[in-house]
Amino acid sequence: MLKVKFVILIIMLLGYSSVMISQEIEEEIFEEEILDEDVISEEIEGEQQEKVKVKKLTSELSGNIRGDYRYYPDEGLYIGQQQEYVSAVFNPEIYLEWANGKQRIQFKGFGRLNQYDNKQTHVDLREFYYQRVLKKWEISIGVKQIYWGFTESNHLVNVINQDDVLEGNDIENKLGQPMGHISVSQKWGTVDFMVMPYFRKVQFPGIRGRGRPPFLLDEDNIWFESENEEYNPDLAIRWFHNIKSVDIGLSHFYGTSRVPFFDVSLEGDFTLMHELINQTGLEFQATTGAMLWKLEAINRVSERKTIKAFTVGAEYTFSNVFKTDLGFLLEYNYDDRGAELINGLNDDVFMGMRIGFNDKQSTDFLGGINVDAETGTMTYFAEANRRLGDSWKLSFKMFGLNTDTETEFFYLIRKDGFVEASLSKYF
Amino acid sequence: MKKTILIAASVVSIALTAAISPQTAEEKKGLEISKKAEAADNGWGNTSQTLTMILKNKNGQTTTRKTHGFSLEVIGDGDKSMTVFDTPKDVQGTASMTYTHKVGDDDQWLYLPALKRVKRISSSNKSGPFMGSEFAFEDLSSQEVEKYTHKYISTVKLAGVVVYKLERVPVSATSGYKKITVYINKENLRPERIIFYDRKAAKLKTLVYSGYKKYAGKFWRADQMKMVNHQNGKETILKFEGYKFNDPTITEESFTQNSLKRAK
């Protein structure tokens, strides 16, 4: 018996030492592997940076130029409309800073040259402002772009900049807004205050453009509630804070509504109505692991009516599934304005999917579908991007819609689904 | 009934204690070395640097990416950091801001200059690759002691340097790793090498630090970090340049939502 135990002990010891030996060998192989890149240590004394030099003026020119080819599979409903459009887009950017970045000037231009539609051929000053940065304060004067909110299918709270409708129904393109803007960062959040002395009118496609109603919308046929017309001094204030995994914002806007409603005369003439509004907005986002919970809500008061609207939803991301991030979006939109809304988001469910391939070329995909719970009207879109080399980018985009509800704005553009391919060069 | 609950609760609490606090001598020593290594780097205040990232595929073709950034040491919690992308040109000006936390998920935001929009990055997205490289987000975030359990394995010689070999197991369930093996220089407690094991415990990547320099008389920083992926044959080299310490303009105010939007 004792002998057996002894033998077991010997075997165990042998086993143990062989494990040790193999580990030693592993370490040794390891050591050989790295002989060519010996760890170099160097001591550098007196490298401590005590003084920070005040940098002189630095300037940077960047931007991109893009070619778009867009194809509408369906013939246009209205006279003059084409099926193929070629466009060139130019986005130049100039940035100047001095006094160690405490003073800066930002310029961002935009221009599109459209093959057929001379209304869609347009330029805009997206940004052009001077900014002074103090420790907690930030003061800017000029044309700016301000983005508020969290949801994807609708941007209810985002009321500062006018939509660039000529760039399509994609709600991400905005016209530059002139303003004076003060922002202060405190322990309890960031407070923004802005005064906007000038209103930017919506621009609509011309006779040869797609995505328009049968009549031509004339931005001169416009009514302002404010007696100052487009020179009404609009005001906005917002408090924004991050509390651990929660991002929260509360804002108020007083001034001329960026979103018009339409008034039809007995003769059938359309007038764009811009009323004075007081809009209070709430933005809320909570992050729990891979889930983002989102809410945007507004209360919008005008002399004509008071409306309430909200977007609520969630985004869940499956990370690193075969190196890919897979995100799913679900949002619901409610808006008191009902059929008056051009975007139709009065009682709608949005489902979307985002794929980030996390590759060298930053390939990504975003697709979504929006369904009106009441009328069944559907809009859907998809876009994909991929970098080519170091400074080129190839993009694909599609938009489609399906409606038979004659009272909706979408009915007037029901044949205007398209596919588009773009190639951009960045400089 | 009450007694059963009490017993159950105490069993659970014992189990939890066992999971959290080091039990074996190896675990105690491992934690001690990790804490000492962290303490040796305490007091760095703030740093700024530029980073060149070289991605190499199996055939040796390379692609270069550039970023610059700065970080702030936060006493009592994880560090704060800001990274701005310089190239490729289409992502120029995109900035990411991270508040690392010793316990719980980090907070991370991404600023997209084309949309003027700040987006929150869901905090469980740590195992994904950073800019198509062999580095995962979690490899580049602040390595807080609390993010791992530690175990001392042995003291070995690595490339002529005496190092402690530690095994660390990530606390987070969303980590991409089952465990990592860390080699810490015995003399100055700086990391020399890390071996990453995937969720199936297969050897995934090796990270080698080189070109160490001492800054501000005390703090060791590697000029180069080379990550080799053993499973796909690709590698990524990070080259750090222009390390600056104690810049008085880098403060808490450099990590606000406004600073993120201003980052250039």
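Note that this is a predicted model, so its numbers are computed, not measured.

Quick word on the interface of chain A and chain B
Part 1 of the reasoning: Of the residues lining the interface, 68 residues belong to chain A; the matching set on chain B comes to 63 residues.
Part 2 of the reasoning: At the junction of chain A with chain B, the criterion picks out 12 salt bridges.
Part 3 of the reasoning: Of the charged contacts in the structure, one is a salt bridge between B:Glu253 and A:Lys135, with a shortest N-O distance of 3.8 Å.
Part 4 of the reasoning: For the pair chain A and chain B, the interface holds 19 residue pairs in polar contact (both at pLDDT 80 or more).
Part 5 of the reasoning: It is helix H1 (residues 2–33) of chain A that contributes the most residues to the side of chain A that touches chain B, 4 residues altogether.
Part 6 of the reasoning: In the side of chain A that touches chain B, the residues fall into 16 nonpolar, 23 polar and 29 charged.

Thoughts on empty space enclosed by the protein
The gaps left among the atoms become clear once a water-sized probe is rolled over them.
Residues and elements named next belong to chain A.
Part 1 of the reasoning: Applying the stated criterion across every chain yields a total of 4 cavities of 30 Å³ or more.
Part 2 of the reasoning: Looking at the largest cavity, its volume works out to about 60 Å³.
Part 3 of the reasoning: Taken together, Val259, Pro260, Phe261, Glu275, Arg300, Arg304, Arg337, Glu340, Leu341 and Ile342 make up the lining of the largest cavity.
Part 4 of the reasoning: Within the lining of the largest cavity, the residues separate by chemical class into 5 nonpolar, no polar and 5 charged.

Here we look at the confidence of the model for chain A
Part 1 of the reasoning: Mean pLDDT for chain A: 87, with 87% of residues reaching 70 or above.
Part 2 of the reasoning: Contacts of residues 13–52 of chain A to residues separated by more than four positions or lying in other chains number 46 contacts, the stretch itself having pLDDT below 50.

Digging into the sheet that holds strand S12 (residues 261–264) of chain A
All names here are of chain A.
Part 1 of the reasoning: Pairing is mixed across the open sheet formed by 3 strands, whose spatial order is S9-S13-S12. Edge strands, defined here as strands with exactly one partner in the open sheet, are strand S9 (222–224) and S12. Between one strand and the next, the sheet's axes are offset by a mean angle of 35°, whatever the strand orientation.
Part 2 of the reasoning: Across 4 bridges, S12 lies against strand S13 (residues 270–274) in antiparallel orientation. Its bridge partner lying in S13, Phe262 is registered against Leu272.

Looking at the side chain of A:Asp335
All names here are of chain A.
Part 1 of the reasoning: Take Asp335: it is sitting in strand S17 (residues 324–335).
Part 2 of the reasoning: Given a relative accessible area of 4%, Asp335 falls into the buried group.
Part 3 of the reasoning: In terms of polar contacts, Asp335 uses its side chain to reach the backbone amide nitrogen of Arg337, at 2.9 Å.
Part 4 of the reasoning: Residue contacts for Asp335: discarding those within four places in its chain leaves Leu156, Ile307, Lys308, Ala309, Leu341, Leu345 and Asn346.

Points about the pattern of salt bridges
Part 1 of the reasoning: Counted by the stated rule, this structure contains 50 salt bridges over all chains.
Part 2 of the reasoning: The closest approach of N and O atoms between B:Glu146 and B:Lys102, which form a salt bridge, is 3.8 Å. In this pair, B:Glu146 is assigned in the loop between helix H3 (137–140) and strand S7 (148–158) and B:Lys102 in the loop between strand S4 (95–99) and strand S5 (107–112), connecting sequence segments 44 residues apart.
Part 3 of the reasoning: Classification of B:Glu146 as partly exposed rests on a relative accessible area of 34%.
Part 4 of the reasoning: In this structure B:Lys102 comes out as buried when scored by relative accessible area, which is 19%.
Part 5 of the reasoning: Here the salt bridges share partners, and the residues they tie into one network are A:Glu152, A:Lys294, A:Glu315, A:Arg354, B:Arg117 and B:Lys119.

Remarks on the environment of A:Val86
Part 1 of the reasoning: In this fold, A:Val86 is placed in strand S3 (residues 84–98).
Part 2 of the reasoning: Those residues in contact with A:Val86 that lie beyond four places of it in its chain are A:Asp68, A:Tyr69, A:Leu113, A:Asn114 and A:Gln115.

Quick look at helix H2 (residues 25–40) of chain B
Residues and elements named next belong to chain B.
Part 1 of the reasoning: Helix length check: H2 (16 residues) gives 22 Å between terminal C-alpha atoms against 22 Å at 1.5 Å per residue, within 8%.
Part 2 of the reasoning: Within H2, the full set of buried residues consists of Gly30, Ile33, Ser34 and Ala37. Buried positions in H2, seen along its axis, are confined to an arc of 95° and lie on one side of it. Turned more than 90 degrees away from the buried face of H2, the exposed residues are Ala25 and Lys28.

Some words on a nonpolar patch on the surface
Residue and element names in this part refer to chain A.
Part 1 of the reasoning: On the surface, a cluster of nonpolar side chains totalling about 700 Å² of accessible area is made up of Leu134, Trp137, Ile139, Ile182, Phe193, Val195, Leu235, Ile237 and Tyr254.
Part 2 of the reasoning: Elements with a minimum of two residues in the nonpolar patch: strand S6 (137–144), strand S8 (189–196) and strand S10 (234–243).
Part 3 of the reasoning: By the secondary structure assignment, Leu134 is in the loop between strand S5 (122–133) and S6.
Part 4 of the reasoning: Judged by relative accessible area, which is 36%, Leu134 ranks as partly exposed.

Examining the pairing of strand S15 (residues 291–301) of chain A
Residue and element names in this part refer to chain A.
Part 1 of the reasoning: Where strand S14 (residues 276–288) lies against S15, 11 bridges are found, and the strand directions are antiparallel. Residue pairing across strands places Asn278 opposite Val301, the latter belonging to S15.
Part 2 of the reasoning: The loop that links S14 with its antiparallel partner S15 comprises 2 residues; one of these, Gly289, has a positive phi angle of about 60°.
Part 3 of the reasoning: In this structure, S15 lies alongside strand S16 (residues 306–321), joined through 11 bridges in antiparallel fashion. From the neighbouring strand, Asn299 faces S16, where its bridge partner is Lys308.
Part 4 of the reasoning: The antiparallel pairing of S15 with S16 creates a hairpin that spans 4 residues between the two strands.

Conventions we followed
- Residues numbered from 1 in each chain as written.
- Chains lettered and ligands numbered in written order.
- Predicted model: local features only at pLDDT ≥ 70, side-chain atom pairs only at ≥ 80, totals over all residues.
- Heavy atoms only, no water.
- Contact = heavy atoms within 4.5 Å.
- Salt bridge = Lys/Arg side-chain N within 4 Å of Asp/Glu carboxyl O.
- Polar contact = N/O pair within 3.5 Å; in protein donor to acceptor, adjacent residues only side chain to side chain.
- Helix = DSSP H or I, 4+ residues; strand = E, 2+ residues; numbered from the N terminus.
- Nonpolar A, V, L, I, M, F, W, Y, C, P; charged D, E, K, R; others polar.
- 1 Å grid on protein atoms, 1.4 Å probe; cavity = no way out; pocket = protein on both sides within 12 Å on 5 of 7 lines; lining within 4 Å.
- Points joined across faces, edges and corners; volume = space filled by probe spheres on them.
- pLDDT = per-residue confidence, 0-100.
- Pairing = 2+ DSSP bridges.
- Axes fitted to C-alpha atoms, helices over the stretch in contact; angles between N-to-C directions.
- Buried < 20%, exposed > 50% of the residue type's maximum accessible area, 1.4 Å probe, protein only.
- Expected span 1.5 Å × (residues − 1).
- Arc of directions from axis to C-beta.
- Patch = residues over 30% accessible without salt bridge, like charges linked within 9 Å, V, L, I, M, F, W, Y side chains within 5 Å.
- Areas by Shrake-Rupley, 256 points an atom, 1.4 Å probe, with all protein chains shown as cover.

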